[in-house]
Amino acid sequence: MCGIVGIVSNKSVSSSIINALKKLEYRGYDSAGISTLNNGFIDEKKCSGRVENLEKILFQNPSVGDLGIGHVRWATHGVPNQINAHPHSTDQVSVVHNGIIENSDKLKKEYEAKGYKFKSQTDTEVITIILTDFLKNENLVDSVYKTLNKLIGSFALGVIFKNYNDLVVGARRGSPLAVGYGHNENFIGSDSYALKTMTNKISYLDDGDFCLLSKEKVEFYNSDKKKINKEVFELSNEDNVVDKGDFKDFMSKEIDEQNLTTKKCLNEYLDKSRNEINIYNIPIDPNQIKKIRLIGCGTAYHSCLMAKYWIEEFTSIDVESDIASEFRYRNVKLNKDDLYIFVSQSGETADTYAALEKCKKNNVKTCGIVNVVESSIARLSDFVLPIHAGPEIGVASTKAFIGQMLVLLLLTLKISKDRKDIDPNVFKKLIDDIINLPDLIKETLSKQKEIQEIARDFINAKGTMYLGRGYSYPIAMEGALKLKELSYIHAEGYAAGEMKHGPLALIEDGMPIVVLAPKDRYFEKTISNMQEVIARGGKVLMITNDKSKTLSENIRFKFELPDFQSHISAFLLTIPIQFLAYHVALLKNCDIDKPRNLAKSVTVE
Ligand code: M6R
């Protein structure tokens, strides 16, 4: 889960590489590096830490050259230090890598026996050594081809060569790699976003492909070493807007724009004049669907969990939600009458992609719900529903979660209507509620200050719990995940009814507890669970649209949401739990957009 870039040009490339690396930092930020070809010599510079550290090095000692590669790292093999940072070079080649070489230990031994010495603890260095070795006796294409064939695992690679002053090589297996076309220059990058300021013309390597980039042209080869052509996509300009503006960080911007992203998404999918949902061409006739399986990781999994409740409520279809890293290895019985839905912001998450591949191999019908429409998951799915949230840069997923849930709710209602599972009046009422969502979200966003104040209760907490029932349970899970990843405080999301089966033992005097209690059919039961927590000393932050005063006595703080129908409670409950995680992290001085040990796009297992 790293970011790679490569450029061959008729002008100096180092500043463009640095700019692209800054865009790729969401993929990893524990070290950074660059190699350029300078007068026939490979000039490698790298460091631990962020791209800005690398920039400082280049300021003292610039990297010269018209071609080069760069890397931002999220460590898998070897601690994040200067030696393990990429590129990994010999005097002949320099390599950047995203992915994991699973047979690196075996390969290392094989090449050590041949007399090669390894400098780093990484799996990547074997690629450098193998290529160097093949180049002694083989031409370049054969050396690349034979090297790739020795590797087991996943990779996107960028390579430059001492003896080729107009050549960058890219290769892909498992990890994404885009190729960009410029005027007298060409590019590779882990995603099109990194290349967008340089070009809007993009092709994508498929698994097993490799490519040779020179200034004037790009040659593509498939896994059989056959030359192939690639489709060229033109990227829209709209998604270029990735500026924090006046916001302190991307996360606060992304939380704040959720009323607008919701509106945009609704504009794409709702035909308000006909009260119709514009989702057509679902790859199975909705009347034939026997079961829906929803698959995702992290926050995307929580949106799957949420959709499970909606699908159970509004359709007669059996439904299951799965964590992609489990689904991909389980002996799941795949069925042609089932619809498999893959949810992913980035569209590049390795486990979700592998789960999708498994379904594709078994010829079952797949649907991708993604934010990045050029992504691998979008391209592999039979049917794609973009969430139209715009680029999400903060590692903590916020507006994408709201977008995923919205598209999943719309898809549920569409299927339900097509199957005549839902009463037309109920459908109409729900659409009206959904149309109101952006305004309700806006109103909730305006209450940020209240959460900012209560956040102080959490900063010294040993741990906390988020409790909810029904529709609130997946949001409780999401709330706990957000707090964990941003503020490094241990948090658990629990079905409130589970407390007495064990977790209640954790409640101590003064422990902050978040209770999600919308006025729905579970309300009274949730309140009872909340009282059990209060009775044991829990300090409750209650998030609710209940306006009665009687409850308030024993509650540390009550955050009041606007009025809404229970089916859309998830969207409104999400806003305060995002604010809470954000403000606790801010008070603890944590890095908001780049929490420790994480990366935005998880392209390794
Ligand atoms: O790009 P994806 O939606 O597939 O990413 C899945 C998870 O890695 C992601 O949601 C992760 O849990 C976030 N950091 C949560 O905020």
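Conventions we followed
Residues numbered from 1 in each chain as written. Predicted model: local features only at pLDDT ≥ 70, side-chain atom pairs only at ≥ 80, totals over all residues. Heavy atoms only, no water. Helix = DSSP H or I, 4+ residues; strand = E, 2+ residues; numbered from the N terminus. Rg over C-alpha atoms; globule rule 2.2 N^0.38 Å. Buried < 20%, exposed > 50% of the residue type's maximum accessible area, 1.4 Å probe, protein only. Contact = heavy atoms within 4.5 Å. Areas by Shrake-Rupley, 256 points an atom, 1.4 Å probe, with all protein chains shown as cover. Lys, Arg positive; Asp, Glu negative; His and termini not counted. Charge placed at Lys NZ, Arg CZ, Asp CG, Glu CD. Domains from an automatic or database assignment. Pairing = 2+ DSSP bridges. Axes fitted to C-alpha atoms, helices over the stretch in contact; angles between N-to-C directions.

S.K.: Now, about the overall build of the protein chain: what can you tell me, with residues and values included?
M.R.: What the protein chain contains, in helices and strands, is 18 helices and 27 strands. In summary, the protein chain has a C-alpha radius of gyration of 25 Å against a globular reference of 25 Å for 605 residues, a match within 12%. Its C-alpha atoms give the protein chain principal-axis dimensions of about 80 × 55 × 45 Å. A total of 605 residues make up the protein chain; the buried ones form 61% of that total. Residue pairs at least 24 apart in sequence account for 71% of intrachain contacts in the protein chain once pairs closer than 6 positions are excluded. Accessible surface for the protein chain amounts to roughly 23600 Å². Of this, 47% is attributable to carbon and sulfur atoms. Averaging the positions of the 78 positive and the 80 negative side-chain charges in the protein chain gives two centres separated by 2 Å.

S.K.: Describe the domain arrangement of the protein chain, listing the residues and the values that go with them.
M.R.: The domain architecture assigned to the protein chain consists of domain 1 (3-235), domain 2 (251-443) and domain 3 (447-587). Using C-alpha coordinates to define each centre, domain 1 is positioned 46 Å away from domain 3.

S.K.: Let's hear about the sheet that holds strand β24 (residues 490-495): which residues, and what values?
M.R.: Reading across from one edge, β24-β23-β25-β26-β27 is the order of the 5 strands in this open sheet, with parallel pairing throughout. One side of each edge strand has no neighbouring strand; the edge strands of this open sheet are β24 and β27 (557-560). Adjacent strand axes in the sheet meet at a mean angle of 15°, parallel and antiparallel pairs treated alike. The sheet contact formed by strand β23 (residues 463-468) and strand β25 (residues 512-516) spans 3 bridges and is parallel. Paired with Tyr466 across the strands is Val514, a residue of β25. Where helix α17 (residues 523-535) meets the sheet, its contacts fall on β23, β25 and β26 (539-544), and the angle it forms with β26 comes to roughly 165°. The strands touched by helix α18 (residues 569-587) within the sheet are β23, β25, β26 and β27, with β26 carrying the most contacts at an inclination of about 140°.

S.K.: Account for the pairing of strand β4 (residues 67-73), with residues named and values stated.
M.R.: Across the 7 residues of β4, 7 count as buried, placing the element largely inside the fold. Of the two faces of β4, both are covered, the one formed by Leu67, Ile69, His71 and Arg73 as well as the one formed by Gly68, Gly70 and Val72. Relative to β4, strand β1 (residues 3-8) is paired through 6 bridges, and the arrangement is antiparallel. Its bridge partner lying in β4, Ile7 is registered against Gly68.

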